Amino acid sequence: MRKAVIAAATSLTVLFTMGTGSALAEESTLTSVVNSVYGTPYKYGGVTTTGFDCSGFTRYVFKKLGIDLARVSSAQYKQGTAVAKSQLQAGDLVFFNTSGTSGRITHVGIYLGDGEFAHASSSNGIKTDSLDSSYYKNRYVGAKRILSKYTYAKYAVEA
């Protein structure tokens, strides 16, 4: 009986280890860049790994992909092609009005898929949140597609 339990535990360990390894191998370049700075603290005006604000974070990630973005979120909103919320794909920029002033863009993040986006939270640094959270759902303004079909396939699709 004891040998059977040990064999089963060993088999499960091998199975889960193989699953973890393959999941890591499938990570897209976009996800890898975002994960490399996950948890970096928020810093107003920050554009480096010592601290980011929201647009500094998006600009940093896209620069790692060889794409130049404007410095501030309102200028980033003028780049790319508008995309419906229902058509979002990984790598799209998602924009919010967190100030309450009508029509203003004050926050930006990077859509990762499955309703999740990465951004620089002023209280928690680089993190992910759901577009459907009550806070962000009510402040969502729109999205822009920056990646071409080629750069999307190259950087945002899991390997």
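As a convention, each chain's residues are numbered from 1 in the sequence order in which they are written. A pLDDT threshold of at least 70 governs which residues receive local features in this predicted model, and a stricter bar of 80 or more applies before side-chain atom pairs are shown or counted, although totals over entire chains, interfaces and linings include all residues. By convention in this description, side-chain values take in all heavy atoms of the structure and omit both hydrogens and water.

Within an unreviewed UniProt entry, the label attached to the protein reads NlpC/P60 domain-containing protein, and the organism entered is Paenibacillus antibioticophila.

You can see Ser 121 is positioned in strand S6 (residues 116-121). Within the structure, Ser 121 has its side chain in polar contact with the backbone nitrogen of Asn 124 (distance 3.1 Å). Per the convention used, a helix needs a DSSP run of H or I reaching at least four residues, while a strand needs a run of E reaching at least two, with both numbered from the N terminus. What qualifies as a polar contact is a pair of N or O atoms within 3.5 Å, subject to a donor-acceptor requirement within protein and to the restriction that residues adjacent in sequence count only when both atoms come from side chains.

This paragraph deals with the pattern of salt bridges. Whenever a carboxyl oxygen of Asp or Glu lies within 4 Å of a side-chain nitrogen of Lys or Arg, that contact is scored as a salt bridge. A full pass over the atoms with the stated rule returns 4 salt bridges. Here Arg 71 makes a salt bridge to Asp 53, at a shortest N to O gap of 2.9 Å. Taken as a pair, Arg 71 in the loop between helix H3 (54-64) and helix H4 (73-76) and Asp 53 in the loop between strand S2 (51-52) and H3 lie far apart in primary sequence, 18 residues in all. Here's how the labels work: a residue is buried when its accessible area is under 20% of the maximum for its type, exposed when over 50%, partly exposed in between, all with a 1.4 Å probe on protein chains only. The exposure class of Arg 71 is partly exposed, given its relative accessible area of 26%. On the basis of relative accessibility, which here comes to 8%, the residue Asp 53 falls in the buried class. A salt bridge links Asp 129 to Lys 127; its shortest N-O distance comes to 3.5 Å. Given a relative accessible area of 17%, Asp 129 falls into the buried group.

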